[in-house]
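Summary of the model geometry
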Amino acid sequence: MMKPARTKTPRRTPLKKSSNSNLKDPVGVYCRVRPLSPPDQECCIEVINETTVQLHPPDGTRVNRNGEYKETQYSFKRVFGVQVTQKELFDVVAKPLVEDLVHGKNGILFTYGVTGSGKTHTMTGSPGDGGLLPRSLDMIFNSIGPFQAKRFVFRPDDRNGMDVQNEVDALLERQRREAQPVVIPKTPNSRQKLDPEFADMINVLDHCKVDEVDEDSVYSVFVSYIEIYNNYIYDLLEEVPFDPIKPKPPQSKILREDQNHNMYIAGCTEVEVKSTEEAFEVFWKGQKKRRIANTQLNRESSRSHSVFNIKLAQAPLDADGDNVMQEREQVTTSQLSLVDLAGSERTNRTKAEGNRLREAGNINQSLMTLRTCLEVLRENQLYGTMKMVPYRDSKLTHLFKNYFDGEGKVRMIVCVNPKADDHEESLQVMRFAEMTQEVEVARPIDKPICGLTPGRRFRNVAFKEELSRRLEERGGPLCLDSDDQSVTEMLIQSFPPLPSCELLDVNDEETLPRIIAVLEQRLRVRQMLSEEFRKNAANFKASLQDFDGTSAAKENLTQVRLNEKEKVIASIKSECERLEKKNKTLEYKIEILEKTTAIYEEDKRSLQQELESRNQKLQRQLSDKRRLEQRLQGMMTDASMKWEKECERRVAATQLEMQNKLWVKDEKLKQLKAIVTEPKSDKPERPTRQKDREPKTTPRSVSPSPVPGDVYRTRGGGQSVQFTEIETLKQESPTGSNRKRRSSPSAQAQQEDTTESEWTDVETRCSVAVEMRAGSNLGPGYQHHAVPKRRKP
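Residues numbered from 1 in each chain as written. Predicted model: local features only at pLDDT ≥ 70, side-chain atom pairs only at ≥ 80, totals over all residues. Heavy atoms only, no water.

**Focus on the overall build of the chain**
Selection criterion: Helix and strand assignments follow DSSP, with helices taken as H or I runs no shorter than four residues and strands as E runs no shorter than two, numbered in order from the N terminus. To sort residues, take the accessible area from a 1.4 Å probe on protein chains only and compare it with the maximum for the residue type: under 20% means buried, over 50% means exposed, and anything in between is partly exposed. Residue contacts are defined here by distance: any two heavy atoms, one from each residue, within 4.5 Å place the two residues in contact. Under the convention used here, a 1.4 Å probe and the Shrake-Rupley method define accessible areas, while residue burial counts only the protein chains that appear.
In terms of regular secondary structure, the chain is built from 16 helices and 25 strands. Relative to its 793 residues, the chain shows a buried fraction of 34%. Taking the intrachain contacts of the chain between residues at least 6 apart in sequence as the baseline, contacts between residues at least 24 apart amount to 72%. For the chain, the computed accessible surface area is about 52400 Å², with 51% contributed by carbon and sulfur atoms.

The structure is reproduced here in structure tokens:
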């Protein structure tokens, strides 16, 4: 028996994250029309209102087959005309995504369109007018600026998660990083002078903020920048040591799935940034490594899909509002992905050859996969089907599959160029955008609440400020009020001051007694303090002994309870181990059963297919058999009718032939009888001419009945007749009376010799007459007895 093929262990189905009452929102698709350049060329796109655009063919192709003017209109969530500013576009499209990012929710923003339609300008901006990316960064840091954690408090764990450490460990980490050589990309310094190439792009004066920021949490921003080129993923921030002799090509990254079944790029560089300037400097550094090329449509055409990820890590402060909580489960990570898709256009317009042609093919293939995934999602949602979405056919769709499965909001800006040369590509872009709007994505869940008292941060800050103020007022350690002073302190302050000890006169008898009295008084106070100290010490010792006894009793009780708890924990652990073993055993059995079920299902499908094929074959054979039976039945009917007619004709012909033969025999016998019974005379009389002139009318005897016989069917389907009776005719001539005719003297001499020869001659003549066949020319009048010609049935 052959062993079944080994299959992969089925992965457990992940638990679905509960959304807000399973509500879904459609994908937000916006349209932006760039200005014409130069402005005097033909325009094929017109903005009708805030949600509708109209496309009309260029002058050469305005009429269709019917000769009518064909125009098409497409609707979007919002249409931005040529006069729109970057701020207006940001406020409508990107600002809600930044607010969700700060509140712990994911989001993704695509720019899609033909090469030269303004995608990169929309995302990056131009000097003096920043795009969506710098404005998003500025809004993030304006919102979380006062609440940012120090560097390396949050640290990526290379598994799409975040570790948290205290400030001491973070300080040691910073010192270690500064002492290391430049292998790991260091976070840029915000104090250094900015690159003049992008300094004007991040000079945003709006200073917009997110409302309702959690002030009892700390935040850190991490950025990464990758590109997808020829369906390979490359890290644009990776520091590769340059080798002038043998330079190494960049290594592609792979996609992996974390413990929450979210896709991430393994080994991707994530840089912690603390300001907009630092973040945009990192972006600009990766932008210089991005693959661009000169094509017929654009001098700096993007030949890859670029993805700039902004990851925000946040964790709540402890109950005192001073330090971040060290529990990994309390760390919330949200991500905003800004995706600048490569241009989609026909290769015959770009005049691409070689590598450029292969790049264009991969770009169009990935965009086609994105369109296919959205079409399948739309079909599943509209018609309730369960088709598998082909995310894995492209790295672009595989990376962002979680967003379409309900991990965040999805927004798309369709950029179009209204010039007439891009009309065909613009039509395809509009159709794709119109279909995308019908796809719905589940709303992301809200961030869980830690359960601590709000306002911890500001209470801690107020306490520290008040403490600092009091220290500054006292100029030293902080003392308590007089109401809280002890008896000892009151006694020490009640010591009488020492009088002056200066002796000016030898006979002075007052100063020394006064000093002695004061010292005696101080001695008494000292003795009283010593006694009080001893009493307090004894009381404290007794209290301490009582406390030690109580502590020992409590410790014993705690130890007893701890032992009981440890026993319970041990029993629970053993039970857990037993259950885990049982669970593993059951999982193994389930796996075996699933494999067996899969094998049986496969056998069942194959047997069903074989059964269906055999049933179909049997049905065909039955139908062929029925048709053959009908055909044979018809042939048998036709053949039987044919042969019945043929048999009837042959029987009739045979009967006629036999009747003719019998009639011929009858005639011969009559002639023979007439010859035999003719009277004997010496000289025969010659008949007269009158007698010869008279017509000879011999009466024809009636034909006898046909000879009986048996009829048989032949192998060919006909019939044959076999006669069962034979008629034999014998004639004996009388002695002396029957003589044969003599035609010559020799014959007469022979007759006279013997009678035996005469009889023999008669018998011979009779046998000749009997055996004569119809149609022979041995006798007169027999030519009309020939076999008749066979008639057609």
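**Description of the nonpolar core**
Generally speaking, a soluble globular protein has its nonpolar side chains buried in company with each other. We count it as follows: Here the nonpolar core consists of buried residues drawn from Ala, Val, Leu, Ile, Met, Phe, Trp, Tyr and Cys, with membership extended through side-chain atoms lying within 4.5 Å.
Core analysis: the largest hydrophobic core is formed by 52 residues, its most contacted members being Val53, Phe76, Phe110 and Phe400. It is helix α7 (residues 355-383) that contributes the most residues to this core, 7 residues altogether. Discounting residues that sit within four places of it in the chain, phenylalanine 76 has contacts with Val29, Tyr30, Cys31, Thr51, Val53, Met430, Ala433 and Gln437. With 46 residues, the next largest nonpolar core counts Leu133, Leu237, Phe280 and Ile310 among its residues.

**Some details on the pairing of strand β20 (residues 305-316)**
For a regular strand, side chains alternate in direction, first toward one face of the sheet and then toward the other. As a reminder, the rule being used: A pair of strands counts as paired when DSSP detects no fewer than two bridges linking them.
With respect to burial, β20 is a largely interior element, 12 of its 12 residues being buried. The alternating pattern of β20 places His305, Val307, Asn309, Lys311, Ala313 and Ala315 on one face and Ser306, Phe308, Ile310, Leu312, Gln314 and Pro316 on the opposite face, and all of these are buried. Direction of pairing for strand β12 (residues 217-229) relative to β20: antiparallel, over a ladder of 12 bridges. Paired with valine 223 across the strands is isoleucine 310, a residue of β20. In this sheet, strand β21 (residues 332-340) lies alongside β20 in antiparallel orientation, the contact comprising 9 bridges.

**Regarding helix α1 (residues 86-102)**
At 3.6 residues per turn, the α-helix brings residues three or four places apart onto the same side. Filter applied, for reference: Each residue is assigned a bend, namely the angle between axes fitted to the seven residues that terminate at it and the seven residues that start at it.
At alanine 94, α1 shows its largest kink, close to 50 degrees, and the proline proline 96 lies no more than four residues downstream. Listed as buried for α1 are Gln86, Leu89, Phe90, Val93, Ala94, Leu97, Val98, Asp100, Leu101 and Val102. At the C-terminal side of α1, glycine 104 shows a positive phi close to 90 degrees.

**Re the pattern of salt bridges**
Condition: The salt bridge criterion pairs a side-chain nitrogen of Lys or Arg with a carboxyl oxygen of Asp or Glu, the two atoms within 4 Å.
Taken as a whole and assessed by the stated rule, the structure comprises 31 salt bridges. Measuring nitrogen to oxygen at the nearest pair gives 2.3 Å for the salt bridge that ties glutamate 239 to lysine 285. One end of the pair, glutamate 239, is in the loop between β13 (232-235) and β14 (252-253); the other, lysine 285, is in helix α5 (residues 276-287), and 46 residues separate them in sequence. Note on lysine 285: relative accessible area 40%, which makes it partly exposed. Residues glutamate 375 and arginine 371 are paired through a salt bridge, measuring 3.4 Å at the closest nitrogen-oxygen approach. Pair noted here: glutamate 375 and arginine 371 are both in helix α7, with a separation of 4 residues, about one helical turn. The partly exposed category is assigned to arginine 371, whose relative accessible area is 22%.

**Some thoughts on unusual backbone geometry**
For asparagine 160, which is not a glycine, the phi torsion comes out positive at approximately 65 degrees. The partly exposed category is assigned to asparagine 160, whose relative accessible area is 25%. Phi at asparagine 231 takes a positive value of approximately 65 degrees, unusual for a residue other than glycine. Within the fold, asparagine 231 resides in the loop between β12 and β13. Given a relative accessible area of 32%, asparagine 231 falls into the partly exposed group.

**So, the pairing of strand β4 (residues 52-55)**
Across the two faces of β4 the burial is the same, with Thr52 and Gln54 and Val53 and Leu55 all buried. Two strands pair when backbone bridges link them, and strand β3 (residues 45-47) and β4 are joined in this way by 3 bridges, in the antiparallel orientation. Of the residues in β4, the one forming a bridge with isoleucine 45 is leucine 55. In textbook terms, the turn of a hairpin is the stretch between consecutive antiparallel strands, and for β3 and β4 this stretch comprises 4 residues. Of the strand pairs in this sheet, β4 and strand β5 (residues 72-75) are connected by 4 bridges, and their pairing is antiparallel. Across the sheet, residue threonine 52 finds its bridge partner in β5, namely serine 75.

**Examining the side chain of glutamine 335**
What counts here: Here a polar contact is recorded for every N or O atom pair within 3.5 Å, except that within protein the pair must consist of a potential hydrogen donor and a potential acceptor, and residues adjacent in sequence are included only if both atoms are side-chain atoms.
Here glutamine 335 shows up in strand β21. For glutamine 335, the side chain forms a polar contact with the side chain of serine 337, separated by 3.3 Å. Sequence-distant contacts of glutamine 335, that is, excluding residues within four places in its chain, are made with Leu101, Lys105, Asn106, Gly107, Asn309, Ile310, Lys311 and Tyr403.

**Points about the packing of aromatic side chains**
Our working definition: Two rings from Phe, Tyr or Trp (for Trp, the six-membered ring) form a pair when their centres are within 6.5 Å of each other. A pair whose planes differ by under 30 degrees is stacked, one over 60 is edge-to-face, and the rest are tilted.
Across all of its chains, the model carries 9 aromatic pairs by this definition. Among the aromatic residues, those joined into a ring-pair cluster are Tyr225, Phe280, Phe283, Trp284 and Phe308.

**Observations regarding the environment of asparagine 166**
Counting through the fold element by element, asparagine 166 comes out in the loop between β11 (162-164) and α4 (167-179). In sequence terms asparagine 166 and valine 153 are 13 residues apart; their C-alpha atoms lie 6.2 Å from each other. Within the structure, the side chain of asparagine 166 is placed 2.8 Å from the backbone nitrogen of aspartate 169, a separation counted as a polar contact.

**Side note on the packing of helix α3 (residues 132-144) against α5**
Note the threshold: Angles shown run from 0 to 180 degrees and are taken between the N-to-C directions of axes, each axis being a line fitted to C-alpha atoms and, for helices, limited to the stretch in contact. The cut-offs work like this: below 35 degrees is roughly parallel, past 145 is roughly antiparallel, 65 to 115 is roughly perpendicular, and the gaps in between are oblique. Note on convention: near helix rotated counterclockwise from far helix by under a right angle means a left-handed crossing. Clockwise means right-handed. Amino acid classes used here: Ala, Val, Leu, Ile, Met, Phe, Trp, Tyr, Cys and Pro are nonpolar; Asp, Glu, Lys and Arg are charged; the rest, including Gly, are polar.
Interaxial distance between α3 and α5 falls to 9 Å at its minimum, and their mutual angle equals 150 degrees. The orientation of α3 with respect to α5, classified from their angle, is roughly antiparallel. Seen from above, α3 lies across α5 with right-handed handedness. Judged by residue contacts, Leu133, Pro134, Leu137, Asp138 and Phe141 of α3 engage Thr276, Ala279, Phe280 and Phe283 from α5. Tallied by class, residues from the contact of α3 with α5 come to 7 nonpolar, 1 polar and 1 charged.

**Some points on the sheet that holds β4**
Reading across the sheet, the 3 strands line up as β3-β4-β5 and stay open at both edges, with antiparallel pairing between neighbours. The strands lining the two open edges of the sheet, one partner per strand, are β3 and β5. Across the sheet, the mean angle from the axis of one strand to that of its neighbour is 25 degrees, orientation sign disregarded. Packing of helix α10 (residues 423-436) onto the sheet brings it into contact with β3, β4 and β5, and relative to β5 it is tilted by some 40 degrees.

**Concerning the confidence of the model for the chain**
Condition: How sure the predictor is of each residue is captured by pLDDT, a score from 0 to 100.
Considering every residue of the chain, the mean pLDDT works out to 77; 70% of them sit at 70 or more. Low pLDDT, under 50, characterises residues 696-703; the stretch is placed with 9 contacts to residues that sit more than four places away or in other chains. pLDDT under 50 marks residues 736-760. Its contacts with residues more than four places away, or in other chains, come to 29 contacts.

**What about the packing of α1 against α3?**
The packing of two helices is summarised by the inter-axis angle and the distance between the axes. At their nearest, the axes of α1 and α3 sit 9 Å apart, and the two run at 45 degrees to each other. Comparing their axes, α3 and α1 come out oblique. The interaxial crossing formed by α1 with α3 has right-handed handedness. Contacts from Gln86, Lys87, Leu89, Phe90, Ala94, Lys95, Val98, Glu99, Leu101 and Val102 in α1 reach Leu132, Arg135, Ser136, Met139, Ile140 and Ile144 in α3. Partitioning the contact of α1 with α3 into residue classes produces 10 nonpolar, 2 polar and 4 charged.

**Considerations on α4**
What counts, and what does not: Multiplying one less than the number of residues by 1.5 Å gives the expected span of a helix. The arc refers to the directions leading from the helix axis to the C-beta atoms.
Taking 1.5 Å of rise per residue, the 13 residues of α4 would be expected to cover 18 Å, and the 18 Å separating its terminal C-alpha atoms lies within 8% of that figure. Taken as a whole, α4 has its buried residues at Ala170, Glu173 and Arg174. Along the axis of α4, the buried positions cluster into a sector of 100 degrees, meaning they face one direction only. The exposed set on the far side of α4, more than 90 degrees from its buried face, consists of Val168 and Ala179.

**Details of a nonpolar patch on the surface**
Condition: For patches, a residue must show more than 30% relative accessible area and have no salt bridge; joins then use 9 Å for like charges and 5 Å for nonpolar side chains, namely Val, Leu, Ile, Met, Phe, Trp and Tyr.
A surface patch of nonpolar side chains, amounting to about 280 Å² of accessible area, comprises Phe463, Leu467 and Leu471. Its location among the elements puts phenylalanine 463 in helix α11 (residues 456-474).

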